[in-house]
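Each chain, written out:
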Amino acid sequence: MDINYTSCSYVFFTLITIFLLQRLFTSSTRRGLPPGPRALPILGHMHLLRSSLPRSLQALSQTHGPLMNIRIGSLQVLVVSDSDTAKQILKTHDPDFASKFVFGPRHFNVYKGAEFFNAPYGPYWRFMKKLCMTKLFAGYQLDRFVGIREEETLALLRSLVEKSRNGEACDLGLEFTALTTKILSKMVMGKRCRQNSNLPIEIRRIVSDIMACATRLGLMELFGPLRDLDVFGNGKKLRSSIWRYDALVEKILKDYEDGKSGNDGEKDKDIVDILLDTYNDPKAELKLTLNQIKFFILELFMASLDTTSAALQWTMTELINHQDIFTKIREEIKSILGNTHRLIKESDLQKLPYLQAAIKETLRLHPVGPLLRRESNRDMNINGYHVKSGTKIFINAYGIMRDPRTYKDPDKFVPERFLVVEENTERKMGYHYQQYMLELKGQDVNYLAFGSGRRGCLGASHASLVLSLTIGSLVQCFDWTVKGDEEKFKIKLPTGFSASGTAGGSSLMCSPKLYFDPFG
Ligand code: HEM
């Protein structure tokens, strides 16, 4: 038989191409994976995503279901979009999903291997989590820091009273960043801050540089195999910023060890003291390394500064845009203070549930961590699909907190939705309030502003105190107008990946008008 090799290879390549195309466009369900939209070569589903990733994923889940297979460049993830599926990951199988996956190349991190926030679920993470719960962020330790929170809130008010007297506008974004940096710096290394008042600013600068480089490096995940190359030089910049941080913190730790930072006994212990006590404790369950301590401190700054500042900005934006709710909070504050003309204190917060509810509602609409990350530690069955060990998961907290099946009018700002009606309680301003502080974290998988399960936020209690005291004080002391005589912020309120783009990247420029003088 006369074989025509040219036609044969033509047929062969056609068949291979058809097979590859079919495989590419065969729905993932038929391959035993959770469903997902059709992917393009290399790009995956990138062409379907808009600037707000959580919002795009929420929209896609309406077609592809609550457990959906998505590929963004080289990042293959399962996206969870409803609370029933989230419950399986965060509650039912919590230990099996208690690791987190990380974006982007990690070899530029000088402290590689010393991570806590992104640590796999293992002995080091468990040890540090216990240390956080029993010592660093335990209730008694947070109580010790009350003075720091109240002192820094007063400093903010002092600066705003002055601006108000001079008829100046202020950038609330900058003010909040300064507030949260000073509070955390004093909690972490209070003794050193007393000796060097510029320290918080120095730390803030370095941490901002590190976060900016880390965010840009994270995006390299989308570049597939090229991700490990430092094409844009961010890896080099990251390394140099971390070395700057290392030099600063090394000196601070040494001064603490040498007793140069002073020691006023047990009551005065800050976070560095506790970490060094653990480091020097021969009976500790695990021997901490200095690198772990240094990186843990850096991670604390990275986890708390932008998040708290962004949450404060979102809350003020919502309150300025909803004057009726602003007024109700002020009335609530007046009602608990009676005739005493004083500024609210932390001990008043439990009696201000409407204020708490307004903050909780802000974080429902604008979560600063809208996508929770998880990685499975073993093979599992979720919603009837086989989920292999090592699968990366996004839980779309943004989508779950705007699900109309759980929240009526999910896009509206309605703090009342978190106030439980109790017929026997005293009726105030048209609502029956629960007489205790609203729990911001909770065990509820419908509310994920602070995450949930083993990897939930460890700073939630501290953050809620800072948010409530700051917002309460700003409402009690000032009327707020937007710079430029407009009544409202015409800010398109997007909810992005990180806090740095708060309020659509616009500064929160507004003018405070003194209503109650806390120093008068
Ligand atoms: C308004 C302020 C804050 C918000 C909205 C927030 C939110 C979050 C979220 C959503 C997570 C991920 C949770 C999960 O995956 O389930 C998280 C993790 C974390 N947050 Fe916060 N956070 C805030 C402030 C803070 C502060 C002030 C600190 C510490 C001082 C802190 C410490 C942490 C830590 C240590 C983790 C990692 C826990 C782990 O992986 O084991 N956060 N936070």
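Thresholds applied
Residues numbered from 1 in each chain as written. Predicted model: local features only at pLDDT ≥ 70, side-chain atom pairs only at ≥ 80, totals over all residues. Heavy atoms only, no water. Helix = DSSP H or I, 4+ residues; strand = E, 2+ residues; numbered from the N terminus. Contact = heavy atoms within 4.5 Å. Areas by Shrake-Rupley, 256 points an atom, 1.4 Å probe, with all protein chains shown as cover. Donors = N, O, S within 2.8 Å, 3.2 Å for Na, K, Ca; no water. UniProt positions renumbered as here; feature names shortened; annotations may be inferred. Buried < 20%, exposed > 50% of the residue type's maximum accessible area, 1.4 Å probe, protein only. Near = heavy atom within 4 Å. Polar contact = N/O pair within 3.5 Å; in protein donor to acceptor, adjacent residues only side chain to side chain. Pairing = 2+ DSSP bridges. Axes fitted to C-alpha atoms, helices over the stretch in contact; angles between N-to-C directions. Parallel < 35°, antiparallel > 145°, perpendicular 65-115°, else oblique. Nonpolar A, V, L, I, M, F, W, Y, C, P; charged D, E, K, R; others polar. Phe/Tyr/Trp six-rings, centres within 6.5 Å; stacked < 30°, edge-to-face > 60°. Lys NZ or Arg CZ within 6 Å of the ring centre and 35° of its normal. Core = buried A, V, L, I, M, F, W, Y, C linked by side-chain atoms within 4.5 Å.

Participant: What is the right way to read the overall build of the protein from this model?
Facilitator: What the protein contains, in helices and strands, is 15 helices and 11 strands. Sequence-distant contacts in the protein: of pairs separated by 6 or more residues, those separated by 24 or more amount to 74%. By element, 55% of the accessible surface of the protein is carried by carbon and sulfur atoms, the whole surface being about 24800 Å².

Participant: What should I look at first to understand the coordination of the iron atom of the ligand in this one?
Facilitator: In an ideal octahedron of six donors the angles at the metal are 90 or 180 degrees, and in an ideal tetrahedron of four donors they are 109.5 degrees. Protein coordination of the iron atom of the ligand rests on one atom only, Cys 457 (SG), at 2.3 Å. With respect to the helices and strands, Cys 457 occurs in the loop between β9 (431-432) and α15 (460-477).

Participant: I would appreciate a short explanation of the UniProt feature "binding site: heme" (unreviewed entry) in the protein in the present structure.
Facilitator: Mapped onto this structure's residue numbering, the UniProt feature "binding site: heme" (unreviewed entry) falls at Cys 457. When its relative accessible area of 28% is taken as the criterion, Cys 457 is described as partly exposed.

Participant: Would you mind showing me how to read the site of the ligand here?
Facilitator: The full set close to the ligand counts 24 residues, and Lys 100, Trp 125, Arg 374, Arg 455 and Cys 457 are the nearest of them. In the model, an oxygen atom of the ligand is placed 2.9 Å from a nitrogen or oxygen of the Trp 125 side chain. Within the contact set of the ligand, an oxygen atom lies 2.7 Å away from a side-chain nitrogen or oxygen of Arg 374. Those elements that place two or more of their residues in the shell around the ligand are α11 (290-321), β4 (371-375) and α15.

Participant: What should I look at first to understand unusual backbone geometry in this one?
Facilitator: Of all residues except glycine, most have a negative phi; of all peptide bonds, most are trans. At Ile 42, a position not held by glycine, the phi torsion is positive, near 60°. For Ile 42, a relative accessible area of 73% puts it in the exposed group.

Participant: Explanation requested: the sheet that holds β4 in the structure shown.
Facilitator: Each strand in a sheet pairs with another by means of backbone hydrogen bonds, the pair being arranged parallel or else antiparallel. Pairing in this open sheet of 4 strands is mixed, and the strands run β1-β2-β7-β4 from one edge to the other. Strands with a single pairing partner mark the edges of an open sheet, and in this sheet they are β1 (67-72) and β4. Strand-to-strand twist across the sheet, computed as the mean angle between neighbouring axes with direction ignored, equals 30°. Relative to strand β7 (residues 392-396), strand β2 (residues 75-80) is paired through 3 bridges, and the arrangement is parallel. Looking across to β7, one finds that Leu 78 is bridged to Ile 393. Lying over the sheet, helix α2 (residues 53-64) contacts β1, β2, β4 and β7, oriented at roughly 130° with respect to β1.

Participant: Any chance you could explain the packing of helix α8 (residues 199-218) against α11 here in plain terms?
Facilitator: A pair of packed helices is captured by two measures, namely the crossing angle of their axes and the spacing between those axes. Running from amino to carboxyl end, α8 crosses α11 at an angle of 85°, the nearest separation of the two axes being 10 Å. When the axis of α8 is compared with that of α11, the two are roughly perpendicular. Contact with α8, carried on its side by Ile 203, Arg 204, Val 207, Ile 210 and Met 211, involves Leu 298, Phe 301, Met 302, Leu 305 and Asp 306 of α11 and no other residues of that element. When the residues that make up the contact of α8 with α11 are grouped by side-chain class, the tally is 8 nonpolar, no polar and 2 charged.

Participant: I keep staring at the environment of Asp 273 and nothing clicks. Help me out?
Facilitator: Mapped onto the elements of the fold, Asp 273 is located in helix α10 (residues 271-280). The class for Asp 273 is buried, based on a relative accessible area of 12%. Each C-alpha atom of the pair Asp 273 and Gln 58 lies 44 Å from the other, and the pair is 215 residues apart in sequence. Apart from the residues lying within four places of it in its own chain, the contact partners of Asp 273 are Lys 191, Tyr 256 and Asp 268.

Participant: Sorry, what's going on with the packing of aromatic side chains here?
Facilitator: We describe a pair of aromatic rings using the distance from one ring centre to the other and the angle between the two ring planes. If you walk through the whole model with that rule in mind, you get 10 aromatic pairs. Ring centres of Tyr 111 and Tyr 245 lie 6.4 Å apart, and the angle between their planes is 90°; on these two criteria the pair is classed as edge-to-face. Of this pair, Tyr 111 sits in the loop between α3 (83-92) and α4 (123-136) while Tyr 245 sits in helix α9 (residues 234-257), placing them 134 residues apart in sequence. With relative accessibility at 3%, the residue Tyr 245 sits in the buried group. Among the aromatic side chains, those forming a connected cluster through ring pairs are Phe 116, Phe 117, Tyr 121, Trp 125 and Phe 296. The cationic tip of Lys 287 hangs over the ring face of Tyr 279; the distance from NZ or CZ to the ring centre is 4.3 Å.

Participant: Quick question: what am I supposed to make of the nonpolar core here?
Facilitator: In summary, soluble globular proteins display a tendency toward joint burial of nonpolar side chains. Counting residues in hydrophobic clusters, the biggest one holds 124 residues, and the most contacted among them are Met 189, Ile 297, Ile 395 and Trp 480. Apart from the residues within four sequence positions on either side, Trp 480 is in contact with Leu 160, Cys 170, Leu 172, Met 316, Ile 320, Gln 323, Phe 326, Leu 474, Cys 510, Ser 511 and Pro 512. Ranked by size, the runner-up nonpolar core spans 13 residues in total, among them Leu 49, Val 79, Phe 101 and Phe 394.

Participant: Sorry if this is basic, but what is going on with the sheet that holds strand β11 (residues 509-514) here?
Facilitator: Pairing is antiparallel in the open sheet, where 3 strands are placed in the order β3-β11-β10. In the strand order of this sheet, the two ends are held by β3 (170-171) and β10 (478-482), each with one partner. Sheet analysis places β10 next to β11, joined by 5 bridges and oriented antiparallel. Paired with Asp 479 across the bridge in β11 is Lys 513. α15 rests against β10 and β11 of the sheet, and its axis sits at about 90° to β10.

Participant: Please clarify how the pairing of β2 should be interpreted in this entry.
Facilitator: On a regular strand, one side chain projects to one face of the sheet and the next to the other, so that they alternate. Most of β2 sits out of view: 5 of its 6 residues are buried. The pairing of β1 with β2 spans 6 bridges and is antiparallel. When the bridges of β2 are listed, Arg 71 appears paired with Gln 76. The turn linking β1 back onto β2 is made up of 2 residues, and Gly 73 within it adopts a positive phi angle of 60°.

Participant: Is there a simple way to explain the environment of Ala 303 in this structure?
Facilitator: Locating Ala 303 in the fold gives a position in helix α11. The exposure class of Ala 303 is partly exposed, given its relative accessible area of 31%.

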